[in-house]
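Here is how the chains run, residue by residue.
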Amino acid sequence: VTMTSSTPTMPAPATANTIEVLSDRVAVGWSDGSSDGFHHIWLRDNCGCAECRHVFVGERLSDPASIALDIAPSSVVGGDSVQIVWPGGHRSTFSSNWLRMHAYGPSASARRTSVFHYWTAAEVQTPPQMHFDDVMASDESLLEWLRLLRRFGFTIVKGVPTEPGTVTQLAQRIGNLRNSNFGLIWEVESMPKPESLAYTSVKLTAHTDLVSRESQPGLQFLHCLVNEASGGESILVDGFSVAEELKRQGPEHHATLSRVNASFRYQNDFTDVQASFPVVRLDHNNEYYEVRYSNALLAPLQCDPHDVGPFYAVYHYFSQILRDPKWEYSFRLEAGDCEVFDNRRVLHGRQEFDPQTGARHLQGCYVDTDDFLSRLRVLERTQDFRIR
Ligand SMILES: [Zn+2]
């Protein structure tokens, strides 16, 4: 699950203006000018009548294997819903919303990707931001916040009380906390015996967290309790923007970066976690799935010998673009600010700071992408979210 792959979210409503029954599918022309095709067998298989789907729990009762592969409707009528009569008299009714939400052609792909804005640093000088009191108090503000997070891959939440632990209240407004060897909530401050570079005062180049895990956490929350040290500016970079830039400059490099597995490893006295995935992963629609990038946790490359040279060449290239000020949004987190970002899209880092000049203390936690998207879908859904 990722924020950018084919995850049904609520499209703008439209009515089915034109219906054309083709040999293998029904073509629907919507009132907004777009059109989608739905295969006959797909429609019959997704029938939502009381015989095909349990009325209370909403789960399927029908068996796809019992449907004739060459099934075709006897009649189809459009409007606010699409009504189909099948040979033998079985009837299916699909709301237009439901059909648009589950469409699978090029129009659907365009509707899906139109909710994302891949940004440059200049475009977010006024960052998308919300106030803690609003997102905690109202579901409308919560929905607005989640849509901003989906669109830009990050937001700044202002006015978060600097009481330690408050970051978990904000995170749990969305979903369950994601655990790891660092615990449910972790402290980012300079420590005498650090377990991670994060717990020192050195510069952290932009990276994603927990790259050595099979699944990187989705949302990351970094809540600033105190920031009195000089230096330590925060950095955010839209990894998908940078990947798009790489694709424009060198499509063959982009292909290498999304094909060859890099290896990642994190070890301490009690933990040894490893994973191998491409630095830029695409999904089955060739849309961005995630970025996985952390110099600190790169492990020895274990790829086809022919790929070693090309991998390092593109890694150089990608790293150069990442550090270009055109893509690197730099800002100072103040006490009471919480940066919240999609850890699988937006890379984060910080400049070196001087712990002698004052305290710097952040608290962080994670929420998985499925919990984020679940919350977003529940807030967006209407009465016909299942099928009727
Ligand atoms: Zn049915």
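This is a predicted model, so every value here is computed, not measured. (Residues numbered from 1 in each chain as written. Predicted model: local features only at pLDDT ≥ 70, side-chain atom pairs only at ≥ 80, totals over all residues. Heavy atoms only, no water.)

1. Brief notes about the coordination of the zinc ion
When four donors bind a metal tetrahedrally, each ideal donor-metal-donor angle is 109.5 degrees, and when six bind octahedrally, the ideal angles are 90 or 180 degrees. The protein atoms that coordinate the zinc ion are Cys 47 (SG), Cys 49 (SG), Cys 52 (SG) and His 90 (NE2), at distances of 2.1 to 2.3 Å. One way to put it: the four donor atoms around the zinc ion meet at angles of 102 to 114 degrees, and that makes the site tetrahedral. Mapped onto the sequence, the residues coordinating the zinc ion show the spacing C-x1-C-x2-C-x37-H. Remark: His 90 occurs in the loop between strand S5 (81-85) and strand S6 (91-95) and Cys 52 occurs in the loop between helix H1 (40-45) and strand S4 (75-77); sequence separation between them is 38 residues. For the pair formed by Cys 52 and His 90, the shared burial category is buried. (Donors = N, O, S within 2.8 Å, 3.2 Å for Na, K, Ca; no water. Tetrahedral: all angles 85-135°; square planar, octahedral: opposite > 155°, others 65-115°. Helix = DSSP H or I, 4+ residues; strand = E, 2+ residues; numbered from the N terminus. Buried < 20%, exposed > 50% of the residue type's maximum accessible area, 1.4 Å probe, protein only.)

2. Considering the side chain of Glu 245
Along the chain, Glu 245 falls in helix H7 (residues 239-249). Residue Glu 245 is classed as buried on the basis of its relative accessible area of 13%. In terms of polar contacts, Glu 245 uses its side chain to reach the side chain of Arg 248, at 2.7 Å. Look past the residues within four positions of Glu 245 in its chain and what remains in contact with it is Ile 321 and Trp 327. (Polar contact = N/O pair within 3.5 Å; in protein donor to acceptor, adjacent residues only side chain to side chain. Contact = heavy atoms within 4.5 Å.)

3. Some remarks on helix H9 (residues 308-322)
In this model, H9 (15 residues) spans 21 Å end to end at C-alpha, consistent with the 21 Å of a helix rising 1.5 Å per residue. Taken as a whole, H9 has its buried residues at Phe 311, Val 314, Tyr 315, Phe 318, Ser 319, Ile 321 and Leu 322. Within H9, the buried residues cover an arc of 155 degrees as seen down the axis, which keeps them to one side. Of the residues in H9, the exposed ones pointing more than 90 degrees away from the buried face are His 316 and Gln 320. (Expected span 1.5 Å × (residues − 1). Arc of directions from axis to C-beta.)

4. Re the sheet that holds strand S21 (residues 346-350)
Here four strands make up an open sheet; going across it, the order is S10-S21-S13-S19 and the pairing antiparallel. In this open sheet, the two edge strands, each paired with only one partner strand, are strand S10 (204-207) and strand S19 (328-331). Direction aside, neighbouring strands of the sheet carry axes that sit 15 degrees apart on average. Most of the contacts of H7 go to strand S13 (residues 234-238), to which it runs at about 50 degrees, and overall it touches S13 and S21. (Pairing = 2+ DSSP bridges. Axes fitted to C-alpha atoms, helices over the stretch in contact; angles between N-to-C directions.)

5. Brief notes about the pairing of S6
Across a regular strand the side chains alternate sides, sitting on one face of the sheet and then on the other. Across five bridges, S5 lies against S6 in antiparallel orientation. Within the sheet, the bridge partner assigned to Val 82 lies in S6 and is Phe 94. Linking S5 to S6, which pair antiparallel, is a turn of five residues; within it Gly 88 sits at a positive phi near 95 degrees.

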